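# Structural characterization, general
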Amino acid sequence: MQQWEAVIGIETHAQLATQAKIFSGSPIAFGAEPNLQANAIDIALPGVLPVLNRAAVECAIRFGLAVGGKIAPRSVFARKNYFYPDLPKGYQISQYELPVVVGGSLLIPAGESDKEIRLTRAHLEEDAGKSLHEGAGQHFRGCSGIDLNRAGTPLLEIVSEPDMRSAIEAVAYAKALHALVRWIGICDGNMQEGSFRCDANVSVRPAGRQEFGTRREIKNLNSFRFLQQAIDYEIQWQIATLEDGGRIGQATVLFDPETGETRSMRSKEDAHDYRYFPDPDLLPLVIEESWIAEIRAQLPELPAAKRERLIADYGLPAYDAKVLTASLDIAKYFETAVTVAGAAHAKTCANWVMVDLAARLNREGREIGESPVSAQQLGSLIARIADGTLSTSLAREVFDALWTGQGASADEVIAARGLQQISDSTELEKLIDDVLSGSASLVAEFRSGKEKAFNALVGQTMKATRGKANPQRVSELLRRKLG
């Protein structure tokens, strides 16, 4: 039976985190009333000229540096000509032959190691407007309308090489890219609002063949789940078509989440169909080395470097370091907690962030930046575990209180509820004597070799102290008394 291999490349449109559009001063806030954020340049009135937004260029440079790409000393804006109702000028200002970033790569998890996904380019361009059809709000009942608020919104189009071989790899790449653009602060990554959109170019070929098959481009995938579903379906559809004796035509397709299927929208254009030529209204973009150096100095520590440092400085396992650098917010939260708790307790901090905090955030659908328990509060809580004031079970009670706003600090909750851990040997020995005198059968079972009986005795003692006893000290004293 014929074996097939998928070949996948991803084109991603990341909306840049600027205050204004790429060629005009119009704001880009999401959710505004239609056409209130479009000025004369955005709607292409005759005689107006575009002016490049410096902040958009700086975002592109930050990205290029973060992925190890080459920042072009000279790049050119071009006109991409096509007609669509929401494209006021009849062309889109983009970059073609001379993009601002060339090359670079991203690492994605692939089994026990990482796989490098090469990047072809990243170029600046403007977004188009948006067509709104019947049912899309009070303004467009019974008709279609054009909202030009998005027209001119700055985008960085990031194009990968066709290095991915499955939907799983494609999603891993998209997630890594999504995390990176948020990490370096150039895009908010909000997929629901269209700030981060992926187009997947998918083809299949017989396993072992070097030449590519005919690709079909799946447009505007705005969730990782849809990205995986669309690619999986497209791969199986292409294989089935070829095995039935059909042929694949180059096409642009859409994914229907309702049916889980892709459907052809139009035949796929080639670059010459767009009649690219340099935009005569915009000078070439010249980026001097001093500007690149200035932006390089402003970059935050990148994820790979931070992972290595967390392992080296705190002795964390590689898995922990990877989870804690999934986003810059998580990494900052962890390191702040460690600063408060002390570097010696970094592993305990990691466990609390990855398990207790993450579980509570997931349950309530919150991001870590929305956590009711601050990093400083968690760090002070862990410090009380470390100095013996709290057992782990009591610490969870304090954590719950902090989460629900029943105290400003761990110390305040501990004092108000009398939760200090009992570690005094004299007090514990008296409690243990009472437990042993009332548990003769468990004592007999332990002395006959049943270790479970010992755990039951520890549990009885902890119950008698309402969880306040130091469990390690209880175990030591119990073993001594039982010989």
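For the structure given in this document, a descriptive report is provided here.

What counts and what doesn't
Residues numbered from 1 in each chain as written. Predicted model: local features only at pLDDT ≥ 70, side-chain atom pairs only at ≥ 80, totals over all residues. Heavy atoms only, no water. Helix = DSSP H or I, 4+ residues; strand = E, 2+ residues; numbered from the N terminus. Rg over C-alpha atoms; globule rule 2.2 N^0.38 Å. Buried < 20%, exposed > 50% of the residue type's maximum accessible area, 1.4 Å probe, protein only. Contact = heavy atoms within 4.5 Å. Areas by Shrake-Rupley, 256 points an atom, 1.4 Å probe, with all protein chains shown as cover. Lys, Arg positive; Asp, Glu negative; His and termini not counted. Charge placed at Lys NZ, Arg CZ, Asp CG, Glu CD. Phe/Tyr/Trp six-rings, centres within 6.5 Å; stacked < 30°, edge-to-face > 60°. Core = buried A, V, L, I, M, F, W, Y, C linked by side-chain atoms within 4.5 Å. Salt bridge = Lys/Arg side-chain N within 4 Å of Asp/Glu carboxyl O. Polar contact = N/O pair within 3.5 Å; in protein donor to acceptor, adjacent residues only side chain to side chain. Pairing = 2+ DSSP bridges. Right-handed = clockwise from strand over helix to strand, strands pointing away. Axes fitted to C-alpha atoms, helices over the stretch in contact; angles between N-to-C directions. Parallel < 35°, antiparallel > 145°, perpendicular 65-115°, else oblique. Left-handed = near helix turned anticlockwise from the far one by under 90°.

## Details of the overall build of the chain
- Along the backbone of the chain there are 15 helices and 17 strands.
- Against the compact-globule benchmark of 23 Å for 483 residues, the chain has a radius of gyration of 30 Å, which places it well outside the compact range.
- By principal-axis analysis of the C-alpha atoms, the chain measures approximately 95 × 60 × 55 Å.
- A total of 483 residues make up the chain; the buried ones form 47% of that total.
- In the chain, of all internal contacts separated by at least 6 residues, the share reaching a separation of at least 24 is 68%.
- Accessible surface for the chain amounts to roughly 23700 Å². Of this, 50% is attributable to carbon and sulfur atoms.
- Looking at charge distribution, the chain has the averaged site of its 53 positive side-chain charges lying 3 Å from that of its 62 negative ones.

## Quick notes on the packing of aromatic side chains
- For the structure on display, the rule yields eight aromatic pairs.
- For the pair Tyr 96 and Tyr 276, a centre-to-centre distance of 4.1 Å together with 10° between the ring planes defines the contact as stacked. Separated by 180 residues along the polypeptide, Tyr 96 in the loop between strand E5 (91–95) and strand E6 (101–102) and Tyr 276 in the loop between strand E15 (261–267) and strand E16 (277–278) bring together distant segments of the chain.
- Note on Phe 399 and Trp 403: the rings are 5.8 Å apart at their centroids and 40° apart in plane angle, and the pair reads as tilted. One end of the pair, Phe 399, and the other, Trp 403, are both in helix H10 (residues 392–403), four residues apart, so they sit about a helical turn from each other.

## Looking at the nonpolar core
- In this structure, Phe 63, Leu 124, Ile 158, Tyr 173 and Ile 231 are the most contacted members of the largest nonpolar core, which totals 71 residues.
- Beyond its immediate chain neighbours, meaning those up to four positions away, Tyr 173 contacts Ile 10, Thr 12, Leu 106, Ile 108, Ile 117, Leu 119, Ile 158, Ser 160 and Met 164.
- In this structure, Leu 357, Leu 378, Trp 403 and Ile 414 belong to the second largest nonpolar core, which totals 36 residues.

## Some thoughts on the pattern of salt bridges
- Evaluated as defined, the whole model comprises 27 salt bridges.
- Residue Asp 163 is joined to Arg 118 by a salt bridge in which the shortest nitrogen-to-oxygen separation is 2.7 Å. Here Asp 163 is found in the loop between strand E11 (154–160) and helix H2 (167–183), whereas its partner Arg 118 is found in strand E8 (residues 113–126), with 45 residues between them in sequence.
- You can call Asp 163 buried: its relative accessible area is 11%.
- Across the pair Arg 366 and Glu 364 runs a salt bridge whose closest N-O atoms are separated by 2.9 Å.
- Judged by its relative accessible area of 33%, Arg 366 falls in the partly exposed class.
- A relative accessible area of 36% means that Glu 364 is categorised as partly exposed.

## Quick look at the side chain of Asp 279
- Mapped onto the secondary structure, Asp 279 falls in the loop between E16 and strand E17 (285–286).
- On the basis of relative accessible area, Asp 279 is assigned to the buried category, the value being 3%.
- Polar contacts involving the side chain of Asp 279 include one to the side chain of Arg 79, which spans 3.1 Å.
- Beyond its immediate stretch of four places on either side in the chain, Asp 279 contacts Phe 77, Ala 78, Arg 79, Tyr 91 and Ile 93.

## Some points on the pairing of strand E14 (residues 251–256)
- As defined by bridge partners, strand E13 (residues 216–221) adjoins E14 across three bridges and the pair is classed as parallel. Among the inter-strand pairings, Ile 218 is bridged to a residue of E14, identified as Val 253.
- Crossover E13 to E14 through helix H3 (residues 224–243) is left-handed.
- Where E14 lies against E15, six bridges are found, and the strand directions are antiparallel.

## A closer look at unusual backbone geometry
- The phi dihedral of Asn 220 falls on the positive side, at around 55°, and the residue is not glycine.
- Its place among the elements puts Asn 220 in strand E13.
- Looking at Asn 220, the relative accessible area reads 47%, which means it is partly exposed.
- Positive phi is not limited to glycine here, since Arg 275 has a value of about 50°.
- Locating Arg 275 in the fold gives a position in the loop between E15 and E16.
- Using a relative accessible area of 54% as the deciding quantity, one classes Arg 275 as exposed.

## Looking at the packing of helix H8 (residues 346–364) against H10
- One way to put it is that H8 packs onto H10 with a least axis distance of 13 Å and a crossing angle of 40°. In terms of their interaxial angle, H8 and H10 are classed as oblique. Of the two possible hands of crossing, H8 and H10 adopt the one that is right-handed. Packed against H8, whose contacting residues are Trp 352, Asp 356, Leu 357, Arg 360, Leu 361 and Glu 364, the element H10 presents Ala 395, Arg 396, Phe 399, Asp 400 and Trp 403 at the interface.

## Overview of the environment of Tyr 319
- Among the secondary structure elements, Tyr 319 is positioned in helix H6 (residues 318–324).
- Distance in space between the C-alpha atoms of Tyr 319 and Asp 434 is 45 Å, their sequence separation being 115 residues.

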